[in-house]
Amino acid sequence: MAIKNVGVIGCGLMGGGIVQVSAQAGFQVLFVEANDELVKRGLAKLRETLEGLVAKGKLDAKAKDDALARMAGTTRLDDLKSCDLVVEAMTENQALKNETFAKLDRICPPHAILATNTSSCNVTAMAAATRRPGQVLGLHFFNPVPLMKLVEVVRTILTDEATVKAATDWVSAVGKTPVQAKDSTAFIVNRLLVPYLLDAIRVYEGGLATLEDIDAAMKLGCGYPMGPFTLLDLVGLDTTMYVAEVMFEEFREPRYAPPPLLKRMVMAGQLGRKTGKGFYTYAAR
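Below, the structure is looked at part by part. Everything numeric in this text was worked out from a predicted model, so none of it was measured.

Of regular secondary structure, the chain possesses eleven helices and eight strands. Whereas a compact globule of 285 residues would reach a radius of gyration of roughly 19 Å, the chain reaches 20 Å, a difference of no more than 12%. Based on the C-alpha atoms only, the size of the chain along its principal axes is roughly 55 × 45 × 35 Å. In the chain, the proportion of contacts linking residues at least 24 apart, taken out of those at least 6 apart, comes to 67%. Entry remark: accessible area of the chain is about 13800 Å², with carbon and sulfur atoms responsible for 56%. In the chain, 33 positive and 31 negative side-chain charges are present, and the distance between their average locations comes to 3 Å.

This is the structure we're talking about:
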């Protein structure tokens, strides 16, 4: 199946990035937001981002105008009725996602593929909420979407091969590198990354070394682009704790349990860059 029209639910950090790369790759994109103000804000942010690329010489003016012409926003889920692919990029709430997929199933044409950008929710449960479980899968992009090259293509035990192929081809078409994964909590990257981040916190809690030295050790000793605490602050401590809790609930393995320090920092509102303080302190914008 040739994908031409793409729908995206949500135009925040992840959804906006998916809209951008889709439109730049030549696809017609319609995103859905909760109200008119968020639609306007989403379109304004997309325009600002593309104009910034032009100013840096990374995109020409015509390509910017063409991409903007392919983007539109709406507050009505029903407006996705002509989409060949819909990517849901809402908050990580399983019940809300299941409900949304049931609605999409009623709205979208029979051939449409329904995908979720979730990093931790159960894709099989979303598929089971529809009458087309074979056409439901995960497409897990990484933040920031325009820069990060990876997308995890997540199949459930219900997803059919034609859906996987069409979705994988589309991922390649928007300039990303697809990797295949099964629907098991946290998929590939977070299954390996989250325990590493939690262990770094435990090492710091235990007094083995300072934040700065742990970060420097992992950067210089392993060649990582940033240390674990810099990454934790970038991702958000609340996000990391949420994913860890989901993983612990699924597997009941101690290595997935959030350390006490992480819990207390989240309780205190020290969430990282987005609040100005996490493991490090950041200058106010």
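Still more to cover.
Time to look at the sheet that holds strand β7 (residues 150-155). Strands in a sheet are paired, the pairing made by backbone hydrogen bonds, and the direction either parallel or antiparallel. Read across the sheet, eight strands follow the order β3-β2-β1-β4-β5-β6-β7-β8 without closing on themselves; strand pairing throughout is mixed. Every interior strand has two partners, whereas the edge strands, β3 (71-74) and β8 (177-182), have only one. For this sheet the average axis-to-axis angle between neighbouring strands, irrespective of direction, equals 25°. With six bridges connecting them, β7 and β8 associate as parallel partners. Bridge assignment links Val 154 to a residue of β8, and that residue is Ala 181. Here helix α4 (residues 94-107) sits on the sheet in contact with β1 (5-9), β4 (85-88), β5 (113-116) and β6 (136-141), set at roughly 165° to β5. Along the sheet face, helix α6 (residues 161-173) touches β1, β4, β5, β6, β7 and β8 and points at about 25° away from the line of β6.

A complete count under the given rule lists 15 salt bridges for this structure. Across the pair Arg 47 and Glu 51 runs a salt bridge, and its minimum N-O distance is 3.8 Å. Of the two residues, Arg 47 and Glu 51 both sit in helix α2 (residues 36-55), four residues apart, roughly one turn of that helix. In this structure Glu 51 comes out as partly exposed when scored by relative accessible area, which is 35%. Two residues, Arg 132 and Asp 105, come together in a salt bridge whose shortest N-O distance is 2.7 Å. One end of the pair, Arg 132, is in the loop between α5 (123-128) and β6; the other, Asp 105, is in helix α4, and 27 residues separate them in sequence. The same class applies to Arg 132 as to Asp 105, namely buried. Salt bridges linked by common partners bring Glu 88, Glu 92 and Lys 97 together as one network.

With respect to the secondary-structure elements, Asn 190 resides in helix α7 (residues 189-205). Asn 190 gets classed as buried once you look at its relative accessible area, which sits at 12%. Discounting chain neighbours no more than four positions away, the residues touching Asn 190 are Ser 119, His 140, Pro 195 and Met 247.

Turning our eyes to something else, we now look at helix α1 (residues 13-24). For α1, spanning twelve residues, the distance from its first C-alpha to its last is 17 Å, which sits close to the expected 16 Å at 1.5 Å a residue. When you tally the buried positions in α1, you get ten out of twelve residues, the bulk of the element. Listing the buried residues of α1 in full gives Met 14, Gly 15, Gly 16, Gly 17, Ile 18, Val 19, Gln 20, Val 21, Ser 22 and Ala 23. Gly 26 sits one or two residues past α1 and shows a positive phi near 105°.

Right, let's get into the pairing of β6. The buried count for β6 comes to six of six residues, which makes it a mostly enclosed element. Taking every second residue as pointing to the same face, both faces of β6 are buried, with Val 136, Gly 138 and His 140 on one and Leu 137, Leu 139 and Phe 141 on the other. Between β5 and its parallel partner β6, the chain crosses via α5, and the hand of that crossover is right-handed. Here four bridges tie β6 to β7, and the two strands are oriented antiparallel to one another.

Membership of the largest hydrophobic core comes to 36 residues, with the highest contact counts inside it found for Ile 18, Leu 85, Leu 139, Phe 141 and Trp 170. Apart from residues lying up to four places away in sequence, Phe 141 is in contact with Met 14, Ile 18, Asn 117, Leu 150, Val 151, Trp 170 and Lys 176. Counting 24 residues, the second-largest nonpolar core is a separate cluster that includes Ala 186, Ala 244, Tyr 256 and Val 266.

Calculation rules
Residues numbered from 1 in each chain as written. Predicted model: local features only at pLDDT ≥ 70, side-chain atom pairs only at ≥ 80, totals over all residues. Heavy atoms only, no water. Helix = DSSP H or I, 4+ residues; strand = E, 2+ residues; numbered from the N terminus. Rg over C-alpha atoms; globule rule 2.2 N^0.38 Å. Contact = heavy atoms within 4.5 Å. Areas by Shrake-Rupley, 256 points an atom, 1.4 Å probe, with all protein chains shown as cover. Lys, Arg positive; Asp, Glu negative; His and termini not counted. Charge placed at Lys NZ, Arg CZ, Asp CG, Glu CD. Pairing = 2+ DSSP bridges. Axes fitted to C-alpha atoms, helices over the stretch in contact; angles between N-to-C directions. Salt bridge = Lys/Arg side-chain N within 4 Å of Asp/Glu carboxyl O. Buried < 20%, exposed > 50% of the residue type's maximum accessible area, 1.4 Å probe, protein only. Expected span 1.5 Å × (residues − 1). Right-handed = clockwise from strand over helix to strand, strands pointing away. Core = buried A, V, L, I, M, F, W, Y, C linked by side-chain atoms within 4.5 Å.

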